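Spelled out, the chains give:
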Amino acid sequence: MADRYLTVALSKRGVECTARLLFDKAPLTCAAVWEALPLAGDVYHAKYARNEIYALLPAFAAQEPPLENPTVTPIPGDLCYFTFTDMQLGTDSYGYESAAAHRGRATVVDLALFYERNNLLLNGDTGWVPGIVWGEVVEGLDTMADACQDLWRTGAAGETLSFRRA
């Protein structure tokens, strides 16, 4: 199979990077994401995992992928896939407003980009939170990391994280 690429973008900031899908390591996850593209949602910056931005989306796979190519220590440029219930994300400690778009969904998909080192997927409420590494940024990570730092400092309100075929 030929390599497949997607563009990850912060729309309001006009910044994007290119990622290669890891079909050889996470074929079911990659297939689910690829078939669902384009995908977009409000962007959040992680509180616990450190150097991560993500969007919370409605479930889009016919069946949620198994935990293939898992990690709890993502590296810069990793794209990760997580599945949660709305109850798992429903506590006030996560900082989601009561009108957040993911509220009330039985299944919430978290598509994340890790942009810097020293990430640890450990949640104080639930413990380890392994993610599926399904893609790696191959171009534009430095520019995206700068935009992610700006998002951390100045806020994410009004910003969209999008994924589309390159």
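What counts as what
- Residues numbered from 1 in each chain as written.
- Predicted model: local features only at pLDDT ≥ 70, side-chain atom pairs only at ≥ 80, totals over all residues.
- Heavy atoms only, no water.
- Helix = DSSP H or I, 4+ residues; strand = E, 2+ residues; numbered from the N terminus.
- Polar contact = N/O pair within 3.5 Å; in protein donor to acceptor, adjacent residues only side chain to side chain.
- 1 Å grid on protein atoms, 1.4 Å probe; cavity = no way out; pocket = protein on both sides within 12 Å on 5 of 7 lines; lining within 4 Å.
- Points joined across faces, edges and corners; volume = space filled by probe spheres on them.
- Phe/Tyr/Trp six-rings, centres within 6.5 Å; stacked < 30°, edge-to-face > 60°.
- Buried < 20%, exposed > 50% of the residue type's maximum accessible area, 1.4 Å probe, protein only.
- Contact = heavy atoms within 4.5 Å.
- Core = buried A, V, L, I, M, F, W, Y, C linked by side-chain atoms within 4.5 Å.
- Disulfide = S-S within 2.5 Å.
- Expected span 1.5 Å × (residues − 1).
- Arc of directions from axis to C-beta.

J.: Hey, could you run me through the side chain of arginine 20 in this one?
T.: With respect to the helices and strands, arginine 20 occurs in strand β2 (residues 15–21). A distance of 2.6 Å separates the side chain of arginine 20 from the side chain of glutamate 136, its partner in a polar contact.

J.: Just to check I follow, could you spell out the layout of surface pockets for this structure?
T.: In this structure, the second largest pocket encloses a volume near 170 Å³. Every residue along the wall of the second largest pocket is listed here: Arg20, Leu22, Lys25, Asn69, Thr71, Ile75, Pro76, Asp78, Val133, Glu136 and Val137. No other element matches strand β10 (residues 131–139), which puts three residues into the lining of the second largest pocket.

J.: Any chance you could explain the packing of aromatic side chains here in plain terms?
T.: Two aromatic rings, taken as a pair, are described by how far apart their centres are and by the angle between their planes. Tallied over the full model, the rule gives four aromatic pairs. Measuring from centroid to centroid gives 6.0 Å for phenylalanine 82 and phenylalanine 84, while their planes differ by 15 degrees, and the two rings are stacked. Judged by relative accessible area, phenylalanine 82 falls into the buried class, the value being 5%.

J.: What is the right way to read the side chain of histidine 45 from this model?
T.: One can find histidine 45 in strand β3 (residues 39–45). Relative accessible area serves as the criterion here: at 12%, histidine 45 is assigned to the buried category. There is a polar contact of 2.6 Å between the side chain of histidine 45 and the side chain of tyrosine 115. Apart from the residues lying within four places of it in its own chain, the contact partners of histidine 45 are Arg50, Glu52, Ile53, Tyr54, Tyr115, Cys148, Leu151 and Trp152.

J.: Hey, could you run me through the environment of glutamate 68 in this one?
T.: Considering the arrangement of structural elements, one finds glutamate 68 in the loop between β4 (52–58) and β5 (70–71). Counting along the chain gives 63 residues from glutamate 68 to glycine 131, while the straight-line C-alpha distance between them is 8.7 Å. Not counting the four nearest positions on each side in its chain, glutamate 68 is found in contact with Lys25, Ala26, Pro27, Leu28, Thr29, Ile132 and Val133. Looking at glutamate 68, its side chain comes within polar contact range of the main-chain nitrogen of threonine 29, at 2.6 Å.

J.: Help me out: how do you make sense of the nonpolar core in this one?
T.: Side chains of a nonpolar character, in soluble globular proteins, are inclined to be buried together. The biggest cluster of nonpolar side chains holds 35 residues, and the ones touching the most others in it are Leu6, Ile53, Leu111, Trp134 and Phe163. No other element matches the six residues that helix α2 (residues 141–154) contributes to this core. The contact partners of phenylalanine 163, leaving out residues within four places of it in the chain, are Leu6, Thr7, Val8, Leu37, Pro38, Leu39, Leu79, Leu111 and Trp134. Listed in part, the 15 residues of the second largest apolar core include Tyr44, Tyr54, Phe82 and Val129.

J.: Any chance you could explain the state of the cysteines here in plain terms?
T.: Two cysteines joined by a covalent bond between their sulfur atoms form a disulfide. Scanning the model with the defined rule gives zero disulfides in all. A disulfide-free cysteine, cysteine 148 has its sulfur positioned 7.9 Å from the sulfur of cysteine 17, the nearest such atom. Accessibility expressed as a relative area gives 0% for cysteine 148, which makes it buried.

J.: Which parts of the structure should I look at to understand α2?
T.: Since the α-helix turns once every 3.6 residues, residues separated by three or four places project in the same direction. Taking 1.5 Å per residue, 14 residues should reach 20 Å; α2 reaches 20 Å between its end C-alpha atoms and fits that length. Within α2, the full set of buried residues consists of Leu141, Met144, Ala145, Ala147, Cys148 and Leu151. The arc that holds every buried residue of α2, seen down its axis, measures 165 degrees, which confines them to one face. Facing away from the buried side of α2 by more than 90 degrees, the exposed set consists of Asp142, Asp146, Arg153 and Thr154. Turning to α2, the residues buried within the fold contact β1 (5–10), β2, β3, β4, β7 (108–114) and β10. The first or second residue beyond α2 is glycine 155, which carries a positive phi of 110 degrees.

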